[in-house]
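Secondary and tertiary structure notes
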Amino acid sequence: MTAHDDAALLARISEGNASAFAALVERHNRRFYALAYRFTMHRQEAEDVVQDAFLKLWERPDQWQADRNTRFTTWFYRVVVNLCLDRKKRKRPLPLAEDFDMADDRPSQEESFSGHQQRKLLESAIADLPERQRVALNLCFYEGLSNQEAADVMQLNLKALQSLLMRAKATLKETFARMI
């Protein structure tokens, strides 16, 4: 799996080759689903985002421009992130029914600090970060992109990305310090 292989597949996709498209989807589907899931926190919505992103690629393969020397994955991370952010902006909470019971089903203190609950607290704290900090954190720590690759995806210089990461970490540290 190299960037060269992706470029070759994309060239074949531009010619309408469905098997090249299937190979590209197979190669990268799990990676981009994981990214979309961390943004949406819903399996079906993450699947929809990734499906929409690949559908756009199939319909308009010329949107990735090989002559820009950008790896396909770097460009496609940006496509998926943008779709996730667009969906979040469009999504509106549903009003509660008047007879909705507001029972307090929160776990006890002991339960809230179990491994599962700690992960949920972290996910919630990350979701509350400003958008650009959240994107930087997800790309670098969950997707495993280098800082330079993440900066390229976000169309930032390296120092700006590092600043976003430092602010995100400081905010998370402060949030968890208040919980203890």
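Preceding this section is the structure that the text describes.
Residues numbered from 1 in each chain as written. Predicted model: local features only at pLDDT ≥ 70, side-chain atom pairs only at ≥ 80, totals over all residues. Heavy atoms only, no water.

1. Describing the overall build of the chain
The secondary structure content of the chain amounts to nine helices and zero strands. Within the chain, the proportion of its 180 residues that are buried is 33%. Expressed as a percentage of contacts within the chain between residues at least 6 apart in sequence, the contacts between residues at least 24 apart total 60%. (Helix = DSSP H or I, 4+ residues; strand = E, 2+ residues; numbered from the N terminus. Buried < 20%, exposed > 50% of the residue type's maximum accessible area, 1.4 Å probe, protein only. Contact = heavy atoms within 4.5 Å.)

2. Comments concerning unusual backbone geometry
With a phi close to 60 degrees, Met41 is a non-glycine residue in the positive phi region. By the secondary structure assignment, Met41 is in the loop between α2 (18-40) and α3 (43-59). Residue Met41 is classed as partly exposed on the basis of its relative accessible area, which comes to 30%. In this structure, Gln155 is a non-glycine residue whose phi angle is positive, near 60 degrees. For Gln155, the position within the fold is in the loop between α8 (147-154) and α9 (158-179). Residue classification places Gln155 among the exposed residues on the basis of a relative accessible area of 69%.

3. Brief notes about the packing of aromatic side chains
The tally for this structure, following the rule as stated, stands at ten aromatic pairs. Look at Phe32 and Phe54: their rings are 6.5 Å apart centre to centre, the planes differ by 75 degrees, and that puts the pair in the edge-to-face class. With Phe32 in helix α2 and Phe54 in helix α3, this residue pair connects regions lying 22 residues apart in the sequence. One exposure class covers both Phe32 and Phe54, and it is buried. Measuring from centroid to centroid gives 5.9 Å for Trp75 and Phe76, while their planes differ by 45 degrees, and the two rings are tilted. Each member of the pair, Trp75 together with Phe76, is buried. (Phe/Tyr/Trp six-rings, centres within 6.5 Å; stacked < 30°, edge-to-face > 60°.)

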